[in-house]
Amino acid sequence: EAGVAQSPRYKIIEKRQSVAFWCNPISGHATLYWYQQILGQGPKLLIQFQNNGVVDDSQLPKDRFSAERLKGVDSTLKIQPAKLEDSAVYLCASSLEPGSQYFGPGTRLTVL
Amino acid sequence: KQEVTQIPAALSVPEGENLVLNCSFTDSAIYNLQWFRQDPGKGLTSLLLIQSSQREQTSGRLNASLDKSSGRSTLYIAASQPGDSATYLCAVKTLDNYGQNFVFGPGTRLSVLP
């Protein structure tokens, strides 16, 4: 079974630029999560999708972050414009409720 | 609001030792608790999932226990090996105003010395 795929693996941008991350969950997993992990901390949930609907986006900074999951499969997370404090690893995970979460390798973002 | 803490923040042990990692959570109304392993520069790998109705789960040299009433979980690693070196995170699935939510602890960084 293929795992959760994410791209790119690394991204370096300057502040105020835009960036987008892509995630392809495990086939058949209806629930998809985006997390932000700042160095030395545990992951923080940004947004949770159930199929193509948003379940929880309470911690998503909506003035600059957006996410979508068209057709209930792949998902993209966008930051526009980026700030220095957005430097982090962005992790995507998927699950078959109420089972375990499976994580992708993450995208390491550096904002200069 | 659910808060998760992990003690110790870092641990260094010689190979072969048995060790215990601790996870505490403030809201006992959880659905499940999951332990993960994270290697440097990698994503998270699920180790054990304990449902709220369960007391413990075992996989190989790993044993995780859950005491909901006291808001605690422990991960026991038997006969540690250098390959066990990684950061271990616990996450609780809880219910908040927006539905079910996962909250992670900050992790324990484990080094097993050969």
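One can find the structure itself at the top, above this paragraph.
If you're wondering where the values come from, they're calculated on a predicted model, not measured in any experiment.

Trainee: Quick rundown of the sheet that holds strand E3 (residues 19-25) of chain B? Include the residues and the values.
Mentor: All names here are of chain B. Reading across from one edge, E1-E3-E8-E7-E6 is the order of the five strands in this open sheet, with antiparallel pairing throughout. Taken across any chain shown, the strands that pair with only one partner, and hence form the sheet edges, are strand E1 (4-7) and strand E6 (56-59). For this sheet, the mean angle separating the axes of adjacent strands, direction not counted, is 15°. Looking at chain direction, E3 and strand E8 (residues 72-77) are connected through six bridges and run antiparallel. Among the inter-strand pairings, leucine 19 is bridged to a residue of E8, identified as isoleucine 77.

Trainee: I'd like a rundown of the nonpolar core, residues and numbers included.
Mentor: Counting residues in each nonpolar core, the largest one holds 23 residues, and the members touching the most others are Leu33, Trp35 and Leu75 of chain B. Broken down by secondary-structure element, the contributors of at least two residues to this core are E3, strand E4 (30-38), strand E5 (44-51), strand E7 (62-67), E8, strand E9 (86-96) and strand E11 (108-113) of chain B. Discounting residues that sit within four places of it in the chain, leucine 75 of chain B has contacts with Leu19, Val20, Leu21, Trp35, Leu47, Leu48, Leu62, Asn63, Ala64 and Tyr88 of chain B. Listed in part, the 21 residues of the second largest apolar core include Val19, Leu32, Leu46 and Ala88 of chain A.

Trainee: Give a detailed account of the pattern of salt bridges, specifying residues and quantitative values.
Mentor: Residue and element names in this part refer to chain A. With the rule as written, the count across this model stands at four salt bridges over all chains. Aspartate 57 is the partner of lysine 62 in a salt bridge, and the nearest nitrogen-oxygen pair spans 3.7 Å. Aspartate 57 gets classed as partly exposed once you look at its relative accessible area, which sits at 25%. Linking aspartate 86 and arginine 64 is a salt bridge whose minimum nitrogen-to-oxygen distance equals 2.5 Å. Residue aspartate 86 is found in the loop between strand E8 (75-79) and strand E9 (88-95), and its partner arginine 64 is found in the loop between strand E6 (53-56) and strand E7 (65-68); the two are separated by 22 residues along the sequence. Each member of the pair aspartate 86 and arginine 64 is classed as buried.

Trainee: So, the state of the cysteines: which residues are in play, and what are the values?
Mentor: Think of a disulfide as a covalent bridge from one cysteine sulfur atom to another cysteine sulfur atom. Evaluation of the coordinates by the stated rule reveals two disulfides over all chains. Disulfide partner of cysteine 23 of chain A: cysteine 92 of chain A, at an S-S distance of 1.9 Å. Its S-S torsion of approximately -65° makes the covalent link between cysteine 23 of chain A and cysteine 92 of chain A left-handed. Placement of cysteine 23 of chain A in strand E3 (residues 19-24) and of cysteine 92 of chain A in strand E9 is noted, with a sequence separation of 69 residues between them. Disulfide pairing places cysteine 23 of chain B opposite cysteine 90 of chain B at an S-S distance of 2.0 Å. Note on the cysteine 23 of chain B and cysteine 90 of chain B pair: the S-S dihedral is about 75°, so by sign convention the disulfide is right-handed. Residue cysteine 23 of chain B is found in strand E3, and its partner cysteine 90 of chain B is found in strand E9; the two are separated by 67 residues along the sequence. Across the pair, cysteine 90 of chain B and cysteine 23 of chain B agree in class, each one buried.

Conventions and cut-offs
- Residues numbered from 1 in each chain as written.
- Chains lettered and ligands numbered in written order.
- Predicted model: local features only at pLDDT ≥ 70, side-chain atom pairs only at ≥ 80, totals over all residues.
- Heavy atoms only, no water.
- Pairing = 2+ DSSP bridges.
- Helix = DSSP H or I, 4+ residues; strand = E, 2+ residues; numbered from the N terminus.
- Axes fitted to C-alpha atoms, helices over the stretch in contact; angles between N-to-C directions.
- Core = buried A, V, L, I, M, F, W, Y, C linked by side-chain atoms within 4.5 Å.
- Buried < 20%, exposed > 50% of the residue type's maximum accessible area, 1.4 Å probe, protein only.
- Contact = heavy atoms within 4.5 Å.
- Salt bridge = Lys/Arg side-chain N within 4 Å of Asp/Glu carboxyl O.
- Disulfide = S-S within 2.5 Å.

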